[in-house]
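An overview of the molecular structure
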Amino acid sequence: ETIRMIMDTKLDIEGFCLCCGTEKIEIFHPLFKGSLCLECKDNLTETLYRYDDDGYQSYCTICCYGLEVILCGNDSCCR
């Protein structure tokens with residue numbers, strides 16, 4: 001539903017947190033167009049540079065959670 005509203009330009013992608021969807025914005029996402037709330041900003045700060053033993057990031061670069069991480073198809077990319 002949120003993605004549909006963004007695509008229909010009814011919702012500004014910088015007007016809500018990319019991680020949890022709240023409209024209580026603290027900062028812009030440092031790597032992507034969009035914003036983060038205070039809690040998700042803190043979580044991103046703690047997880048952005050954590051890597052597994054295999055050299056890949058442990059957490060999603062966009063939402064900073066590690067439930068399901070889709071890896072980049074580029075062999076030289078570790079995000």
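Structure first, text after, so check above.
Residues numbered from 1 in each chain as written. Predicted model: local features only at pLDDT ≥ 70, side-chain atom pairs only at ≥ 80, totals over all residues. Heavy atoms only, no water.

Counting secondary structure elements, the protein contains two helices and two strands. Reading the secondary structure of the protein in the N-to-C direction produces α-β-β-α. Excluding contacts between residues fewer than 6 apart, the proportion of contacts in the protein whose partners are at least 24 apart in sequence is 16%. Total accessible area on the protein is roughly 5800 Å²; 52% of this is exposed by carbon and sulfur atoms. (Helix = DSSP H or I, 4+ residues; strand = E, 2+ residues; numbered from the N terminus. Contact = heavy atoms within 4.5 Å. Areas by Shrake-Rupley, 256 points an atom, 1.4 Å probe, with all protein chains shown as cover.)

Among the surface-exposed residues, Glu26, Glu39, Asp42 and Glu46 lie close enough to one another that they form a single negatively charged patch. By the element assignment, Asp42 lies in helix α2 (residues 38-47). When its relative accessible area of 36% is taken as the criterion, Asp42 is described as partly exposed. (Patch = residues over 30% accessible without salt bridge, like charges linked within 9 Å, V, L, I, M, F, W, Y side chains within 5 Å. Salt bridge = Lys/Arg side-chain N within 4 Å of Asp/Glu carboxyl O. Lys, Arg positive; Asp, Glu negative; His and termini not counted. Charge placed at Lys NZ, Arg CZ, Asp CG, Glu CD. Buried < 20%, exposed > 50% of the residue type's maximum accessible area, 1.4 Å probe, protein only.)

Moving on: the side chain of Thr47. Tracing the backbone through its elements, the reader meets Thr47 in helix α2. What makes Thr47 buried here is its relative accessible area of 3%. In this structure Thr47 touches Tyr59 and Cys64, once residues within four positions along its chain are discounted.

Position of Leu44 relative to the elements: it lies in helix α2. For Leu44, a relative accessible area of 4% gives the class buried. Leaving out residues up to four positions away in the same chain, Leu44 has contacts with His29, Pro30, Leu36, Thr61 and Cys64.

Residues separated by three or four positions in an α-helix point in the same direction, a consequence of the helix having 3.6 residues per turn. Among all positions of α2, only Cys40, Asn43, Leu44 and Thr47 are buried. In a view along the axis of α2, the buried residues occupy a sector of 100°, so they form one face of it. Turned more than 90 degrees away from the buried face of α2 sit Thr45 and Glu46, all of them exposed. (Arc of directions from axis to C-beta.)

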